[in-house]
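Analysis of the macromolecular model
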Amino acid sequence: TEYEIDPAMASLEDQKDELGGVMALMLGSEPIGTIRFIPTCHHVTVTERFWGHASAGTALIGADSWEVGRLIMSPDHRRGDLLPACMALAFAELVQTVKVRHLHGSCHMRMMRLYRRFGLQLHTTATFKGAECALVHGDVHAVARALKVDLGELADVPELAEAA
């Protein structure tokens, strides 16, 4: 977990929530999960703090780059069709709300298949306490394609119109 990687991360929770956003994932009126998106350039993301050697000077770090973190789904709702649908809705909400050009995150290597399904690709790996970890990255268009989100429908968002 990020607290194992950097114990000081625990003290940054309020700041991460203020800077970013936590979204509830709902199935009807039932909460089934949460996801948090955090902007970079505030030195509060795992990407900046743990992966700094691999992310500095790249598209992963910038005012329009957001870390995908703390995705939690209820075990009863971890289905192959439901998670991508929830991710697509959360992603669409994010790109309509803030300027997004790049998304990134950290995971164990065993989770890479899941992140690839969402348009994120392997950027680099590291071993931490015997576990192989990955830094993943995807630009907004790759993630939109993977999640089947039509950015054209969001054309009234100035940042997306510029990026198209």
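Structural notes, computed from the coordinates. Predicted model only: the values in this text are computed from it and were never measured.

**Thoughts on the nonpolar core**
Within soluble globular proteins, side chains that are nonpolar generally end up buried alongside one another. Grouped together as the largest cluster of nonpolar side chains are 34 residues, with contacts concentrated most on I35, F37, F91, L103 and L147. At the level of secondary structure, the elements contributing two or more residues to this core comprise β1 (21-27), β2 (30-39), β3 (65-73), α5 (82-97), β4 (102-108), α6 (112-117), β6 (131-139) and α7 (140-147). With 10 residues, α5 is the largest single contributor of residues to this core. Leaving out residues up to four positions away in the same chain, L147 has contacts with P84, M87, A88, F91 and F118.

**Considerations on the environment of S106**
Considering the arrangement of structural elements, one finds S106 in strand β4. Note on S106: relative accessible area 27%, which makes it partly exposed. Taking C-alpha positions, S106 is 8.8 Å from E2, a pair spaced 104 residues apart along the chain. Not counting residues up to four positions away in its chain, the partners in contact with S106 are V46, W51, Y115, A134 and L135. In terms of polar contacts, S106 uses its side chain to reach the side chain of W51, at 2.8 Å.

Cut-off values and rules
Residues numbered from 1 in each chain as written. Predicted model: local features only at pLDDT ≥ 70, side-chain atom pairs only at ≥ 80, totals over all residues. Heavy atoms only, no water. Core = buried A, V, L, I, M, F, W, Y, C linked by side-chain atoms within 4.5 Å. Buried < 20%, exposed > 50% of the residue type's maximum accessible area, 1.4 Å probe, protein only. Helix = DSSP H or I, 4+ residues; strand = E, 2+ residues; numbered from the N terminus. Contact = heavy atoms within 4.5 Å. Polar contact = N/O pair within 3.5 Å; in protein donor to acceptor, adjacent residues only side chain to side chain.

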